[in-house]
Amino acid sequence: MKRSAGVLMHLTSLPSPHGVGTMGREAYKFVDFLEQAGQTYWQVLPVGHTSYGDSPYQAFSTFAGNPYLIDLDLLCEEGLLTAEEAATPDWGNDPVRVDYGKLFEGRFSVLEKATDRAKEGDLTDFHQFEKESGSWLDNYALYMAVKEFFGLKSWCDWPDDGIRLHKAESVREYAGKLRERVFFWKYLQFLFSAQWKALKEYANQRGVLLFGDMPIYVALDSADVWAEPELFWLDKKRRPVCVAGCPPDYFSETGQLWGNPLYDWDYHQKTHYRWWVRRIRHAASLFDVTRIDHFRGFEAYYAIPYGAENAVNGAWKKGPGMKLFKELKKQLGKIPIIAEDLGFLTPAVRKLLKKSGYPGMKILQFAFDSGEANDYLPHNCDRHCVVYTGTHDNDTTAGWFAAAPKKDVDFAVQYCRLNKREGYHWGLIRTAYASVSDLAVVPMQDFLGLGGECRMNTPSTAGDNWQWRMAPEAATPALAKKIRELTALYGRLEKREDEQEKE
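Remember, predicted model here, so these are calculated numbers, not experimental data. (Residues numbered from 1 in each chain as written. Predicted model: local features only at pLDDT ≥ 70, side-chain atom pairs only at ≥ 80, totals over all residues. Heavy atoms only, no water.)

Chemist: Looking at this model, I keep getting lost on the overall build of the chain. Mind explaining?
Modeler: Of the regular secondary structure elements, the chain holds 20 helices and 12 strands. What you see for the chain is a C-alpha radius of gyration of 23 Å, in line with the 23 Å of a compact globule of 503 residues. Across its three principal axes, the chain shows a C-alpha extent of roughly 70 × 55 × 45 Å. Residue burial in the chain is summarised as follows: out of 503 residues, 57% are buried. As displayed, the chain has an accessible area near 22000 Å², and 51% of this comes from carbon and sulfur atoms. (Helix = DSSP H or I, 4+ residues; strand = E, 2+ residues; numbered from the N terminus. Rg over C-alpha atoms; globule rule 2.2 N^0.38 Å. Buried < 20%, exposed > 50% of the residue type's maximum accessible area, 1.4 Å probe, protein only. Areas by Shrake-Rupley, 256 points an atom, 1.4 Å probe, with all protein chains shown as cover.)

Written out as structure tokens, the structure reads:
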């Protein structure tokens, strides 16, 4: 990586008149803001079709895009919707929070109108997309259609064993019976793909690279586990033997119980990691660089007995290690990947990260609680990593300063030479930018100086996460200018070819 900078903000956090950020006008405006601010990367959270709880890290498919991100105004421009149809549902009245309940109630009925209208037009491009995406699209669309048919129950609880167990005869039967709904779910993925490609092209033309995020695990209630159970560590009844999570740590005294099924790594090795190759290839088609969440799980993963109430009594088991990454490189070549190497790091995990060659992550909010030996202190960082003030799982920087122990805050103030005139949050941003790390990424909340009420996620909690949205017009030209000046001061401003030619 070249020395550069980026902003972390999920698409759902963009302003929008329709309840949630999308791939529409505001996304293009944000790209313009990033260009003006001298930013090279726009980092987003996973863009999959979110399931119950609305977490981007729990999706109905590891391949399918989130229909909530489809922009309704763009559909109006295509003639697939009218402005009245897009505006009719109640999208909520808080411009800085997403109301997922109202979104769920109103979004799909509007998208159904667009899909019905599309059937009357030319479907050539759709059929080409359908052909190119068949390896995952058929299973996903049928899964969603059957899930609707059975009242949105998890596939584990479908009353028809034939389709629950993905028997070929039942698959054919339900595909025919639910043909219209299968088309609907397929067409939404076509719309998502078209809008994503257009946004990515726009960003790339302006020197902005899309930095994506890929969870290591997939949700139990997903098309992946339903259609390809052999990939996972399941019992004869297709229930997980153990599930994923992590032990007690900085975030939680009882650990984190994610509930995702674990992989049958022996099966993956026998198939030369075919599914992982498909998955990474798909991610590389969406993003210019991909962060793989919970990288340490490839060295050893934490297995929690299925049905446990928390993550206290799990056990570590050996992961695939370099065998997976060697196969990926062999089949795909060099794919830009960032390793999320946070959490409990053993010498073996550090060795795997080094052998993989992937950059790791450093979080400044973790730097001030253990003295000089702390790996996250800037003077202990190396160039080959990404430094953050905080991530989506952290409090905002302003929130951290308000809630952290006084001794940690005092250490940060002394170490970073912070003062209230500059603003503590700007001082931590400055420290990140001044570090030797090749890439510095800052959450948009920190650039805006927002408090803890605007954090994106609090691990091991439910109910108020993933809802934050940036206020309309918050990304001002003055803010872009300030960020650009800081970016240039610390040598992170990448000049575009047309700018170099002018010189």
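This is not the end of the story, as more comes after the structure.
Chemist: I tried to follow the sheet that holds strand β10 (residues 360-363) on my own but got confused; where do I start?
Modeler: Pairing between sheet strands relies on hydrogen bonds along the backbone, with the strands arranged either parallel or antiparallel. Ordered by their spatial adjacency, 8 strands build an open sheet running β9-β6-β3-β2-β1-β12-β11-β10, and the pairing between neighbours is parallel. Of all strands in the sheet, those with a lone pairing partner are β9 (337-339) and β10, marking the two edges. Geometrically, the sheet is characterised by an average inter-axis angle of 25 degrees between neighbouring strands, direction not taken into account. Sheet topology places β10 next to strand β11 (residues 385-388); 4 bridges connect them, and they run parallel. Directly across from Gly 360, in β11, lies its bridge partner Cys 385. Helix α12 (residues 274-286) rests against β3 (209-214), β6 (289-292) and β9 of the sheet, and its axis sits at about 150 degrees to β3. (Pairing = 2+ DSSP bridges. Axes fitted to C-alpha atoms, helices over the stretch in contact; angles between N-to-C directions. Contact = heavy atoms within 4.5 Å.)

Chemist: Could you clarify how one ought to interpret helix α8 (residues 168-177) in this entry?
Modeler: In an α-helix, one full turn covers 3.6 residues, which means residues spaced three or four apart are oriented alike. Among the residues of α8, Ser 170, Val 171 and Tyr 174 are the ones counted as buried. Each buried residue of α8 lies within a common arc of 105 degrees when the element is viewed along its axis, so the set occupies one face. Summarising the geometry of α8, the exposed residues directed more than 90 degrees from the buried face are Glu 169 and Arg 172. Close packing links the buried residues of α8 with α6 (134-149) and α7 (161-164). (Arc of directions from axis to C-beta.)

Chemist: For this particular structure, what's the right way to read the sheet that holds strand β5 (residues 256-261)?
Modeler: Pairing is antiparallel in the open sheet, where 4 strands are placed in the order β5-β4-β7-β8. Of all the strands in the sheet, just β5 and β8 (315-318) have a single pairing partner and so form its edges. The average undirected angle you get between the axes of adjacent strands in this sheet is 50 degrees.

Chemist: Looking at this model, I keep getting lost on the packing of aromatic side chains. Mind explaining?
Modeler: The description of an aromatic ring pair uses the distance of the two centres, along with the angle that the planes make with each other. Counted according to the given criterion, the structure contains 54 aromatic pairs. Plain terms: the ring middles of Tyr 263 and Trp 276 are 5.4 Å apart, the flat faces sit at 65 degrees to each other, and that makes the pair edge-to-face. Residue Tyr 263 is located in the loop between β5 and α11 (265-270), and its partner Trp 276 is located in helix α12; the two are separated by 13 residues in the primary sequence. For Tyr 263, a relative accessible area of 2% corresponds to the buried category. By relative accessible area, which is 0% here, Trp 276 ends up buried. The structure contains a cluster of three or more aromatic residues connected by ring pairs, namely Tyr 217, Phe 232, Trp 258, Tyr 263, Trp 265, Tyr 273, Trp 275, Trp 276, Phe 295, Phe 298, Phe 325 and Tyr 358. Between Arg 107 and the ring centre of Trp 91, over which it is positioned, the NZ or CZ distance is 5.1 Å. Above the plane of the ring of Tyr 174 lies Lys 177, whose end atom (NZ or CZ) is 4.2 Å from the centre. (Phe/Tyr/Trp six-rings, centres within 6.5 Å; stacked < 30°, edge-to-face > 60°. Lys NZ or Arg CZ within 6 Å of the ring centre and 35° of its normal.)

Chemist: When you look at helix α1 (residues 25-36) in this model, what are you seeing that I'm missing?
Modeler: Between its terminal C-alpha atoms α1 stretches 17 Å, which fits the 16 Å expected from 12 residues at 1.5 Å a residue. Listed as buried for α1 are Glu 26, Ala 27, Phe 30, Val 31, Phe 33 and Leu 34. Seen along its axis, α1 keeps its buried residues to an arc of 160 degrees; they face one direction. Looking at the buried side of α1, the elements it contacts are β1 (4-8), β2 (41-43), α9 (179-205), α18 (444-447) and α19 (477-489). (Expected span 1.5 Å × (residues − 1).)

On their own, these measurements won't tell you what the molecule is for.
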